[in-house]
Amino acid sequence: MIYMQYVELHAHSNFSLLDGACFPEQLVEAARVRGMTALALTDHNGLYGVPQFCRSAREAGIKPIVGAELTLENACHITLLVKDTRGYGNLSRLVTKAQLSGSKGNPRLDFAHIAELSGGLICLSGCKKGEIATLLLQGKREDAQKTAWRYMSVFPPGSLYLEMQHHLDPEDRSLCRKLMDLAKKTGIPPVAANNVHYGEQSDHKLHDILVCMRHRVGLDDSAPFRRPNAEYYLKDHKEMLLLPGLPPEAIGRTLTIAEACAFELDFSSYCFPDFDLPPGEAPCTYLRRLCDERAPGRYGGISDEVKGRLEQELALIERKGLCGYFLIVWDIMEFARRNGILSQGRGSAASSLVAYLLGITPVDPIRHGLFVGRFLNESSAVPDIDIDIDTRRREEVIRYVYEKYGEEHAAMVCTYVTFRARNAIREVGKVFGFPPHVLDRMAKSVSAYSPVAAIEELKDVPEFRQYLDSAAWVHFCMLSRQIADFPRHLSIHVGGMIISSKPISEMVPLERARAEGRVVCQWDKDGVNDAGLIKVDLLGLRMLSLIDEAALLVKKTRGIALDLDRLPEDDPSVYDLIGRADTVGVFQVESRAQMQSLPRVKPRSLEDLGIEVAIIRPGPLQGDMVHPYMRRRNREERVIHLHPLLEPILRETLGVILFQEQVLQVAMAVAGFTAGVADRLRKAMDRKKGRAEMERWRDTFLEGAAGIGVDKARAMKIFDLICGFAEFGFCKSHAMSFALLCYRSAFLKHYYPLEFYCALLNNQPMGFYIPEVIIGDARRHGVECFPVDVNESLWVCSPEEHGIHLGFRYVKSLGEEGADAIVAERKKGGFRSFKEFCFRVRLDKDALRSLIIIGAFDRLERSRRRLLWALRSVDTIGLREMDLDTAGDAPLDEMTGREELRAAYSIQGFSASSHLVELYRDKLAHQGAVKSSQLSRLASGRAVKIGGYNICLQVPPTAKGFAFITLEDEEGLVNVVLKPNIYRRHRQLVRLKPLLIVDGVVERKDGVINVVAEKVSDMQP
Ligand SMILES: [Zn+2]
Ligand SMILES: [Zn+2]
């Protein structure tokens, strides 16, 4: 029987990593346009794109067929398709075996494994690089026949086919003929496939670029690697029939195979492991008992409110079969607690009373009025519980999970490094053979993440115009845009872990990560989610490391044991510090945008801090400096509630919707939705669903509102209000967890600045500022930082009575081992001379040079130049002969303060003794520039000149072309606002120069001082 249809059974998406030029979704769309009823995805050695492929295919009404093209040990290819659940498990295990037995990035599969795990799989003999095709092309017909027999012994009839491809290559015709001969001889039915590498023919150009990247060649040298023509797109039935040498029955047979494949990707029903319980306990009774035991400790007498809420949550958790999940997370937290590892839950989970009682989350959901429906509702999938852990000790927790559940049952989730603006420009440009220095400058000149926006940005820069108008660059721009968000390679997700009762490799393939010894699964967090797997996020949070370390230092230096869990949360002086925007190093409120808003908002409670964290975030709102909430808080605008029903929900945020929970609550109150339905509405907005879907939601909403008796006009308004929020999306429970850390870090900064700065320096990089700025801020708070000293410093920075001793960790090319060697040797007695140091601690020359330059020997030997000279002579005469006395005759002048400062910046990025801008102070004063500390004495509207170190530039996409820079001088930070025309004029200067002079006007408002720039110039022209 000949079907009048064709189904593609061999197609690559961009998850064939640099060997496929469209997203799985685009392949599905191409199939839909061609009226295909089914489509297979067969990426190289991976099931990476399977979740989104299956989802989008189902949405398009196309049957997804899961498959993969595997590479055998002899480098030949084989195409495998999944028939059923068993076959899926086998394919996933085969991919895992290929990935783990080959070297990283070079998977290889032993055919013997296929023989073991062939159940439920359909085998196509492969492309031109298939074993059989390769032998036929070499003219080895008998060997090809033997190989076919081998395949037949593994795959029973109905699950083995000879794959026939034809791409109008000269050799294709004869290969097809040979395959047909073999089919007759062996009885293996032939089937057509087009080895698709892009959906539309026009995408072949992008595919060529990807192939060049993969082989690291330019376009001009790429002929041997590139596909010879543009025939590897998704062809429809008619186009396939036109290919000479492909018999119609081989084309029609694709449909038979498609019909035989019936596998649904869905693991939601059977994946979480049972928790080890005491004898006689069931998960639900045990969970209930744990909560009952802990409630009195948290609440004293248990109110009806607590009781009712607990009952409601437990019933929901039980009904959804999540007791084991909560117990597993509880167990992980208990491990952390037993071992003194600071950790706390974040995200929507923080609204759950059960999570709070189990010690998973730190915020009391009753006291802070947290609504649980966002985390847990009748129709939600599995809720995500995210745990923040002291970064330094996260590894211990991960190891615990591996040990407890076994390597087979726990795996890290991957993340895809994708093409963003900068790497797209660099890599695409390189293939085109454009000059590297131009590409480098272009990459540094863009602030956008997306290549699409970046290309637009480049067009506005005069110095690039000459390039972008030429023909080759037009192509470059087009392809850079097209490559946006393509996966480039795999990396480990910051903390996602799946834990499962089934061996994980049966559900998702595993492969080597770049990090030594780590194995990751081939799906990222969205893929894991789409497939219905449960994960726990174990995230490293450096702020927890900072808090832990600072508390330990307080104990050590002052003998005070701080119980951070029981700090008073209403200390006015802590809120004063925050309100002054004295927040360098304070969690979540240290950015420029935060510092601008804090003096206006003046938070006075944890609730206020939660709102502050939620309102001012990098991204959506950064540009919009005056949020309605702030206007209302400052009584510049009246608080209005669109409907009395909203009043209790939005009272605390002055009538403005700020939190995801509020979206749900509003929809429930106004339209009578259940929490589950309301949450689906929130998700639809979040995922920026199409207009049609939002209109459907609007109708449902209005219907519900009518039922409750809310008039239509107001219901419309309220719906729009919720939609307007879609840009936003912050969980209140999440904001509250972060507010708590914000308060604690501010508390430490206020009462224990020495320990705070020390811990802050020891946990870099974190937060918003470079060490340079932190040291300046410390100095302004009376905490001196002393230079690294061979007789004093440790690896880490360490507090002493009057300040902080900078640690060896900031010395370039020394390393922890070098530092340990110094400290170990010092224990036997301090160093008395440079020469003695060199003898006792055998460091390499680069490390010694760095130590000299930053002044680590200054207290032994003042002249750095002499030491450098002496070090030079070691090469010629050897260490033993090194003579510091003759070094006195060094033919070079002593280093000036200016040189020492520059040298220190080059080695450690800052100088402990002075600020870079001091070098220019005379020159600046001469030009009439003021210092940052003088700004507060200048009237608004006054012209001013100010110079500083350019520490941060922001061009928020929502700021309508405004840009903001932060300058630092020896006395503090200065905010500079650049209007769009000024930014455009000085763009390259502001982006690329470290030291700037700004001429502008002082602007003061609500305690915030800005300089509005009129002109920007380079301090070192
Ligand atoms: Zn192939
Ligand atoms: Zn292929």
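Residue positions are counted from 1 within each chain, in the order its sequence is given. Whichever chain is written first becomes A and whichever ligand is written first becomes 1, with later ones labelled in order. Confidence filtering applies because this is a predicted model: local features only for residues at pLDDT of at least 70, side-chain atom pairs given and counted only at 80 or more, and all residues used for totals across whole chains, interfaces and linings. Side-chain measures here rest on the full set of heavy atoms in the structure, leaving out hydrogens and waters.

A. Molecular detail of the sheet that holds strand E19 (residues 972-978). Two strands are counted as paired when DSSP detects at least two bridges linking them. Working definition: helices are DSSP H or I runs of at least four residues, strands are E runs of at least two. Numbering for both runs from the N terminus. Strand order in the closed barrel formed by five strands is E17-E18-E19-E21-E20, and the pairing between neighbours is mixed. Averaged over all adjacent pairs, the angle separating strand axes in this sheet is 55°, with direction ignored. Sheet topology places E19 next to strand E21 (residues 1008-1018); three bridges connect them, and they run parallel. Counted as the bridge partner of Val977 is Val1012 from E21. Each of strand E17 (943-954), strand E18 (963-969) and E19 touches helix H34 (residues 771-780); the most contacted strand, E18, lies at about 55° to it. For helices, the fitted axis covers only the stretch in contact; all axes are lines through C-alpha atoms, and the angles between them, taken along N-to-C directions, range from 0 to 180 degrees. Here, residues are in contact when the closest pair of their heavy atoms is within 4.5 Å.

B. Highlighting the nonpolar core. Counting residues in hydrophobic clusters, the biggest one holds 114 residues, and the most contacted among them are Phe837 and Leu851. Looking at this core, the element that brings in the most residues is helix H32 (residues 732-751), giving 11 residues. Those residues in contact with Leu851 that lie beyond four places of it in its chain are Val788, Phe808, Val811, Leu814, Ile822, Phe837, Leu843, Ala856 and Phe857. With 77 residues, the next largest nonpolar core counts Val50, Cys54, Met240 and Leu265 among its residues. To qualify as a nonpolar core, a set must consist of buried Ala, Val, Leu, Ile, Met, Phe, Trp, Tyr and Cys residues joined through side-chain atoms within 4.5 Å. Working definition: with a 1.4 Å probe on protein chains only, accessible area under 20% of the residue-type maximum means buried, over 50% means exposed, and in between means partly exposed.

C. Structural context of the sheet that holds strand E2 (residues 63-71). Here six strands make up an open sheet; going across it, the order is E1-E2-E3-E4-E5-E6 and the pairing mixed. With one partner strand each, in any of the chains shown, strand E1 (38-44) and strand E6 (190-192) form the two edges of the open sheet. Sheet twist, expressed as the average angle between the axes of neighbouring strands with direction ignored, equals 35°. Both strand E4 (residues 121-124) and strand E5 (residues 160-164) contribute to a ladder of two bridges, which runs parallel. Each bridged residue has a counterpart across the sheet, and for Leu124 the counterpart in E5 is Tyr161. Running at roughly 160° to E5, helix H7 (residues 172-186) makes contact with E5 and E6 of the sheet.

D. Summary view of the coordination of the zinc ion (ligand 2). Around the zinc ion (ligand 2), the donor atoms from the protein are His10 (NE2), His12 (NE2), Glu69 (OE) and Asn195 (OD1), and they sit 2.0 to 2.3 Å away. Considering all four donor atoms around the zinc ion (ligand 2), angles at the metal cover 77 to 161° and the coordination shape is irregular. Here a donor is any nitrogen, oxygen or sulfur atom (N, O, S) within 2.8 Å of the metal, with 3.2 Å used for Na, K and Ca; water is not among the atoms considered, so some sites may look incomplete. Here the donor residues for the zinc ion (ligand 2) map to a single chain with the spacing H-x1-H-x56-E-x125-N. A separation of 3.4 Å is found between the zinc ion (ligand 2) and the zinc ion (ligand 1), which share Glu69 as a coordinating residue. No difference in accessibility class separates His10 from His12, as the two residues are buried. The geometry test gives tetrahedral to four donors whose angles all lie between 85 and 135 degrees, gives square planar to four donors and octahedral to six donors whose opposite members are over 155 degrees apart with all other angles between 65 and 115, and gives irregular to the rest.

E. Examining the packing of aromatic side chains more closely. In summary, the pairing rule links any two rings of Phe, Tyr or Trp, Trp by its six-membered ring, whose centres are within 6.5 Å, and it sorts them by plane angle into stacked for under 30 degrees, edge-to-face for over 60 and tilted for everything else. Summed over the entire model, instances satisfying the criterion amount to 29 aromatic pairs. Arranged with centres 5.1 Å apart and planes meeting at 80°, the rings of Phe23 and Phe486 form a pair that is edge-to-face. Note that Phe23 is positioned in the segment before helix H1 (24-33) and Phe486 in the loop between helix H20 (471-482) and strand E10 (487-499), a separation of 463 residues in sequence. When its relative accessible area of 22% is taken as the criterion, Phe23 is described as partly exposed. Geometrically, the ring pair formed by Tyr905 and Tyr949 is edge-to-face, given 6.1 Å between the ring centres and 90° between the ring planes. In this pair, Tyr905 is assigned in helix H39 (residues 897-908) and Tyr949 in strand E17, connecting sequence segments 44 residues apart. One exposure class covers both Tyr905 and Tyr949, and it is buried. Through pairs of rings, three or more aromatic residues link up here, namely Phe432, Phe434, Tyr467, Trp473 and Phe476. Over the ring of Tyr356 we find Arg298; its NZ or CZ atom is 4.3 Å from the centre of that ring. We call a charge positioned above a ring when the Lys NZ or Arg CZ atom is no farther than 6 Å from the ring centre and deviates by at most 35 degrees from the ring normal. Directly above the ring of Phe964 sits Arg592, whose terminal nitrogen or CZ lies 3.9 Å from the centroid.

F. Focus on the coordination of the zinc ion (ligand 1). Only Glu69 (OE), His77 (ND1) and Cys127 (SG) from the protein coordinate the zinc ion (ligand 1), and they sit 1.8 to 2.3 Å from it. Here the donor residues of the zinc ion (ligand 1) share one chain and are spaced in sequence as E-x7-H-x49-C.

G. Broad picture of the pairing of strand E8 (residues 385-390). Of all six residues that make up E8, six are buried, and the element is covered over most of its length. The pairing of E8 with strand E13 (residues 535-541) spans six bridges and is classified as parallel. Of the residues in E13, the one forming a bridge with Ile389 is Gly540.

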